[in-house]
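Residues per chain, in single letters:
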Amino acid sequence: MAQFDFLINRPLTVQAFVYPPEEGQQKEIYRGGELNNVTVYASLEKALDENPQINTALIYIGASRAFHSAKEALDARGIKLVTMITEGVPEKDAKRLRKYALEKGKIFNGPSSIGIMSAGECRLGVIGGEFKNLKLCNLYRSGSFGVITKSGGLSNEAMWLCAQNGNGITSAVAIGGDSYPGTDFVTYLQMFENDPETKAVVIVGEVGGTLEEEAADWFGAEKRRIKLIAAIGGTCQDVLPQGMKFGHAGAKEGKKGLGSARSKINALREAGALVPDTFGGLSKAIKQVYLELQATGVILPEPELDEKLLPELPPSVQEIMKQGEVIVEPLIRTTISDDRGEEPRYVGYAASELCEKGYGIEDVIGLLWNKKLPTKEESEIIKRIIMISADHGPAVSGAFGSIIAACAGIDLPQAVSAGMTMIGPRFGGAVTNAGKYFKYGVNEYPNDIPGFLNWMKQNVGPVPGIGHRVKSVKNPDKRVKYLVEYVKNQTTLHTPCLDYALEVEKITTSKKDNLILNVDGTIGCVLVDLDFPEYSLNGFFVLARTIGMIGHWIDQNNQNARLIRLYDYLINYAVKEEREVPVKK
């Protein structure tokens, strides 16, 4: 619709969207190269309050909600026309909407309609096709032919035929191919009869229903100003089993041949319409009527229009790039994944092929975080790091944050992110710094651990990865013990960083027995030894703890947990005694 507005040089037709889930959003619509932002409203009433000029509603919503949306539009003040593209609308709903529109004195077009087109004026829906087709059908200016069809595709075809064999259309209406459309041919025939610009009307009908017979009755009832041309599809029904359906829901012959293509053709011809034997003869029929109307002076010659003066739709950046006419600097660069093919590829490896060949999530982590496939030994280490870090009970700050959020009825992503915000230098966030500073010690103080500790004290503070509130030499952290023993005794990994940290632990625990190498420090050192970048190390803790936080959220929801409020005895109210508020000076 915006492309058509651009073609005929008029402001954007689309004034508002109504879709409650996206209330308040702005939808970007390009009218040529001009960007327009159109507001999404929660209700039609609100949209009309802010845009009182609106007089038409287009229904694009699904079949289950289409009836209520259309009824709301028919009830709305100012709305005169409702057209519905939705397919699969129950026949009962379509009948009710037609009846309701008649009671309201309004028009309901559809269901299953691609829309309505008035050449040089307005486009409602997807009728008319792409921008190039709008030009080929001369839809940028008004012609002399009206078009009414059941089929959306044939409406575009009929408009093209009118442009090639005549001077184009005034308006075209696709009423939809359902059994019970909201409007009929007669409704629009009367409008075309009352429109002095329309000199002839093309109807494209089909087997099934009685709309074409009703059109024939209307046309033959009295002398009409307009000429009528009709093409009826479905004459092949003569040699096919009775009742067979053709594409559209309404395209089926009734009992005793009611609604057959042959009976429709005969009725229209008897009423005075020009009806070719086949659809292929429609071009010739349009040309014949056009020449007759020209010869009698009903259609006057129009000045030639140089189509080169018509605007061209600005090409997209992608189109220009394909033609090699522009260089666009990339906004971002990625070196790990590509989803432009049939499936995502991680550093070149197809995701499904990794699965087929037995690789696991630990290998994907290696690819996406370190851009290389880990060896089998390295994969096993990564897997164990994730497993032993996945959770540390409900009392730690991250899990507790997620639990409180779950008890408050917060959704999963927000509850997990609440726990994630707790990760920092005092909770989990030490993994990166542990790896960073132990690696610094290996490189700068390889044989001088006291010198390293002294440097840390002067420049950093406590050594990240050393110390635990609960665990100690006498009460060791079994996760640390397991990971160290596994890496040292069951793999061939070279571990200079881990070895250095264990030597640091010997000195720190001699001063205080809880200054042990904790799980953050162990993981940081092992990952450095695995050659992961320092800045990626906290990612392992984030990933692992996400598993636990999701588990806690699910657990609380399974229990239908209540909202948590701290008991007074858990709070030290170190505030002043109650006192009177002074008069403000």
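Structural data are supplied above this passage.
Overview of the structure. (Residues numbered from 1 in each chain as written. Predicted model: local features only at pLDDT ≥ 70, side-chain atom pairs only at ≥ 80, totals over all residues. Heavy atoms only, no water.)

### Structural notes on the packing of aromatic side chains
So, step 1. Tallying each qualifying case throughout the model produces 13 aromatic pairs.
So, step 2. Considering the side-chain rings of Phe 438 and Phe 452, the 6.3 Å spacing of their centres and the 35 degrees angle between planes classify their relative orientation as tilted. Of this pair, Phe 438 sits in helix H17 (residues 430-444) while Phe 452 sits in helix H18 (residues 449-459), and the two are 14 residues apart along the sequence.
So, step 3. On the accessibility criterion, Phe 438 (0% relative accessible area) is buried. (Phe/Tyr/Trp six-rings, centres within 6.5 Å; stacked < 30°, edge-to-face > 60°. Helix = DSSP H or I, 4+ residues; strand = E, 2+ residues; numbered from the N terminus. Buried < 20%, exposed > 50% of the residue type's maximum accessible area, 1.4 Å probe, protein only.)

### Comments concerning the sheet that holds strand S15 (residues 349-350)
So, step 1. With respect to topology, three strands assemble into an open sheet ordered S13-S14-S15, the strand pairing being antiparallel. Taken across any chain shown, the strands that pair with only one partner, and hence form the sheet edges, are strand S13 (337-338) and S15.
So, step 2. Here S13 runs beside strand S14 (residues 345-346); their pairing, made up of two bridges, is antiparallel. Each bridged residue has a counterpart across the sheet, and for Asp 338 the counterpart in S14 is Arg 345. (Pairing = 2+ DSSP bridges.)

### Comments concerning helix H4 (residues 91-104)
So, step 1. Over its 14 residues, H4 extends 20 Å from the first C-alpha to the last, a length consistent with the 20 Å expected when each residue adds 1.5 Å.
So, step 2. Of the surrounding elements, those touching the buried residues of H4 are helix H3 (63-75), strand S5 (81-84) and strand S6 (107-109). (Expected span 1.5 Å × (residues − 1). Contact = heavy atoms within 4.5 Å.)

### Notes on unusual backbone geometry
So, step 1. Residue Pro 111 is reached from Gly 110 by a cis peptide bond, and omega for that bond is -5 degrees.
So, step 2. Structurally, the position occupied by Pro 111 is in the loop between S6 and strand S7 (115-118).
So, step 3. Its identity is not glycine, yet Asn 9 carries a phi of approximately 60 degrees, on the positive side.
So, step 4. In this fold, Asn 9 is placed in the loop between helix H1 (2-7) and strand S1 (17-18).
So, step 5. Positive phi, close to 55 degrees, is recorded for Asn 560, a residue that is not glycine.
So, step 6. Tracing the sequence through the fold places Asn 560 in the segment after helix H22 (538-558).

### Some thoughts on the packing of helix H19 (residues 478-490) against helix H20 (residues 496-511)
So, step 1. Interhelical geometry of H19 versus H20 gives an angle of 130 degrees and a closest axis separation of 12 Å. Judged by the inter-axis angle, H19 sits oblique to H20. Considering only the axes of H19 and H20, their crossing is left-handed. Counting all contacts with H19, which are made through Val 484, Val 487 and Lys 488, the residues of H20 involved are Leu 498, Asp 499 and Leu 502.
So, step 2. Looking at side-chain class alone, the contact of H19 with H20 contains four nonpolar, no polar and two charged residues. (Axes fitted to C-alpha atoms, helices over the stretch in contact; angles between N-to-C directions. Parallel < 35°, antiparallel > 145°, perpendicular 65-115°, else oblique. Left-handed = near helix turned anticlockwise from the far one by under 90°. Nonpolar A, V, L, I, M, F, W, Y, C, P; charged D, E, K, R; others polar.)

### Some remarks on the pairing of strand S8 (residues 122-125)
So, step 1. Bridge analysis of S7 against S8 gives four bridges, and the strand direction is antiparallel. Bridge pairing in S8 links Met 117 to Arg 123.

### Some points on a nonpolar patch on the surface
So, step 1. Together, Leu 566, Tyr 567, Tyr 569, Leu 570, Ile 571, Tyr 573 and Val 575 make up a nonpolar patch on the protein surface, roughly 790 Å² of accessible area in all.
So, step 2. Relative to the helices and strands, Tyr 569 is located in the segment after H22.
So, step 3. Accessibility expressed as a relative area gives 66% for Tyr 569, which makes it exposed. (Patch = residues over 30% accessible without salt bridge, like charges linked within 9 Å, V, L, I, M, F, W, Y side chains within 5 Å. Areas by Shrake-Rupley, 256 points an atom, 1.4 Å probe, with all protein chains shown as cover. Salt bridge = Lys/Arg side-chain N within 4 Å of Asp/Glu carboxyl O.)

### Examining the sheet that holds S8
So, step 1. Within the open sheet, the six strands sit side by side as S8-S7-S10-S9-S11-S12. Their pairing is mixed. Two strands lie at the open edges of the sheet, namely S8 and strand S12 (227-233), each paired on one side alone. Direction aside, neighbouring strands of the sheet carry axes that sit 10 degrees apart on average.
So, step 2. Contacts from helix H9 (residues 261-271) reach strand S11 (200-206) and S12, with the element oriented near 170 degrees to S12.
So, step 3. The sheet strands contacting helix H10 (residues 282-295) are strand S9 (145-149), S11 and S12, and the helix crosses S12 at an angle near 180 degrees.

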